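These are the residues of each chain, in order.
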Amino acid sequence: MATQYFRKKDPCAEGSAICWIEMTGQEFYAFVNSAEAEGAVFYLHGR
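Attention in this report is confined to the structure presented alongside it. Quantities reported herein were computed from a predicted structural model and do not represent experimental measurements.

Let's shift gears to the environment of Arg7. Tracing the backbone through its elements, the reader meets Arg7 in strand E1 (residues 5-8). Separated by 31 residues in sequence, Arg7 and Glu38 place their C-alpha atoms 13 Å apart. In this view, Arg7 contacts Cys19, Trp20, Ile21, Met23, Phe31 and Glu36; residues no more than four positions away in its chain are not counted.

We now examine the packing of aromatic side chains. In this structure the tally under the stated criterion is 3 aromatic pairs. Ring plane angle 90° and centroid distance 5.7 Å describe the contact between Phe28 and Phe42, whose orientation is recorded as edge-to-face. Of this pair, Phe28 sits in helix H1 (residues 25-32) while Phe42 sits in the segment after H1, placing them 14 residues apart in sequence. Judged by relative accessible area, which is 18%, Phe28 ranks as buried. We classify Phe42 as partly exposed; its relative accessible area is 37%. Look at Phe31 and Phe42: their rings are 6.2 Å apart centre to centre, the planes differ by 80°, and that puts the pair in the edge-to-face class.

Cut-offs used in this document
Residues numbered from 1 in each chain as written. Predicted model: local features only at pLDDT ≥ 70, side-chain atom pairs only at ≥ 80, totals over all residues. Heavy atoms only, no water. Helix = DSSP H or I, 4+ residues; strand = E, 2+ residues; numbered from the N terminus. Contact = heavy atoms within 4.5 Å. Phe/Tyr/Trp six-rings, centres within 6.5 Å; stacked < 30°, edge-to-face > 60°. Buried < 20%, exposed > 50% of the residue type's maximum accessible area, 1.4 Å probe, protein only.

Structure, rendered in structure tokens:
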């Protein structure tokens with residue numbers, strides 16, 4: 001099974017207002033290393 005990467009479209013959204021964006025591994029790596037992700041918390045799920 002391939003790894004799937006997701007992030008919240010709006011980090012402040014809660015409950016039913018949360019919208020998830022699916023990303024490729026390359027997109028996720030670029031996002032994690034971008035200024036937009038500064039201060040964000042990341043965790044591995046299901047490993």
